[in-house]
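Per-entry structural report
Okay, here's what each chain looks like letter by letter:
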Amino acid sequence: MTGFGTILFLVGIGVLIYGLISFRKKKWPRRKTQIVIISSILAIFIGSAIVPSEKEEASTEKPKQEEKTKKVTVEPLLKAEKTFKTTDDGAIVVEGKTNPGAEVTLDFIDNPDATATADEDGKFSLRVNELDRAQDAVLSITIDGKTKEQTLSLEMSPGYTKKLADKAEAERVAAEKAEAERVERERVAAEEKRIADEKAAAEKRAADAKAAAEKAAAEKKAAEAKRAEAKRAEAKRAEAKRSAPKPDTSNKQGEMVYITATGKKYHYDQNCRGLNNSNGETAVTIAEAKSRNLSLCKFEQ
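In this report, we go over the structure that sits alongside the text. Here the structure is a predicted model, which is why all the values come from computation and not from measurement. (Residues numbered from 1 in each chain as written. Predicted model: local features only at pLDDT ≥ 70, side-chain atom pairs only at ≥ 80, totals over all residues. Heavy atoms only, no water.)

**Regarding the overall build of the chain**
Across its full length, the chain carries 5 helices and 12 strands. Restricting the contact set of the chain to residue pairs at least 6 apart, pairs at least 24 apart contribute 59%. For the chain, the computed accessible surface area is about 22,100 Å², with 56% contributed by carbon and sulfur atoms. (Helix = DSSP H or I, 4+ residues; strand = E, 2+ residues; numbered from the N terminus. Contact = heavy atoms within 4.5 Å. Areas by Shrake-Rupley, 256 points an atom, 1.4 Å probe, with all protein chains shown as cover.)

**Section: the sheet that holds strand S5 (residues 114–117)**
The strands making up a sheet associate through hydrogen bonds between their backbones, and the pairing can be parallel or antiparallel. Spatial ordering of the open sheet is given by S2-S8-S7-S4-S5, a layout of 5 strands whose pairing is mixed. On the outer flanks of this sheet lie strand S2 (83–85) and S5, each paired with one strand and no other. In this sheet, adjacent strand axes meet at a mean angle of 25° when their direction is disregarded. (Pairing = 2+ DSSP bridges. Axes fitted to C-alpha atoms, helices over the stretch in contact; angles between N-to-C directions.)

**Notes on the packing of aromatic side chains**
Scanning the model with the defined rule gives 1 aromatic pair in all. Note on Tyr266 and Tyr268: the rings are 5.9 Å apart at their centroids and 85° apart in plane angle, and the pair reads as edge-to-face. On the basis of relative accessibility, which here comes to 7%, the residue Tyr266 falls in the buried class. (Phe/Tyr/Trp six-rings, centres within 6.5 Å; stacked < 30°, edge-to-face > 60°. Buried < 20%, exposed > 50% of the residue type's maximum accessible area, 1.4 Å probe, protein only.)

**Considering the side chain of His267**
Among the structural elements, His267 can be located in the loop between strand S10 (265–266) and strand S11 (282–285). In this view, His267 contacts Val257, Tyr258, Cys272, Gly274, Leu275, Cys297 and Glu300; residues no more than four positions away in its chain are not counted.

**Quick word on the environment of Ala118**
Summarising the element assignment, Ala118 is placed in the loop between S5 and strand S6 (123–128). Measuring from C-alpha to C-alpha, the distance between Ala118 and Pro100 comes to 5.5 Å, with 18 residues separating the pair along the chain. Not counting residues up to four positions away in its chain, the partners in contact with Ala118 are Thr98, Asn99, Pro100, Gly101, Ala102, Lys123 and Phe124.

**A word on the layout of surface pockets**
For the second largest pocket, the calculated volume is near 190 Å³. Around the second largest pocket, the lining is made up of 14 residues, and of these Thr260, Thr262, Gly263, Gly274 and Ser278 lie nearest the centre. Here the lining of the second largest pocket is built from residues that sort into 3 nonpolar, 9 polar and 2 charged. (1 Å grid on protein atoms, 1.4 Å probe; cavity = no way out; pocket = protein on both sides within 12 Å on 5 of 7 lines; lining within 4 Å. Points joined across faces, edges and corners; volume = space filled by probe spheres on them. Nonpolar A, V, L, I, M, F, W, Y, C, P; charged D, E, K, R; others polar.)

Interpretation note: all reported values are geometric properties and have no functional meaning in isolation.
Rendered as structure tokens:
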């Protein structure tokens, strides 16, 4: 039974029942009830006439079953060229034919896989942008648990090969430039450090030399002051000697003089300059001093 026949059949039954009930309850006049009943009966007969027979239904179901059976036994189909080449921009398009609606996968070794779905005619197209090198890839489909594969050779076009070579050369030049700049920065930094170190060392040497010069000048000044003081003291002693009365050398032989253990002079004055370095004096008579061949100190002459 078709959808329309079923609806018409059910509507006819429903209207017939409703008409009979309304007539029994005397809601409708006889004339109107007759028209409704006749219309309902016609609708029932027409709907019944549209209902297909069991044989027809079986003949309709059979192609569907055959279609299912055919779908289950479909073999995977995969046809494509063996070699594909990139464009000068590095893109590569893989085209071929397979089962309608099948999902096609292009499997790379070290690149992300690419997938596409075949159209109703079984045609498919996969695009991969910027292939980095020539390589093999596996094209495959799986239908009802069955897999079919085909190995493809993906090649680089001369234009794209040159483009990659130019890119690699530019990267190499940039890397060399960056390295040269780094080396130059380090050289400049080392040179600046060397100059700064030399400057600091020179400043330290200058400071040390200045300090040494100042120390030497102070020591020289102190030495000069000491020598001047010694000269003044010497002048005072000389003046005192000149103004002091000379000893009487005509002393008698028994007059006492001062001698040292190793000296060759004798002294009338125990405070004579000639005794400054003496470790001790001995008082003897002048006669004894002369008997030892000692002579009068020059400072007392």
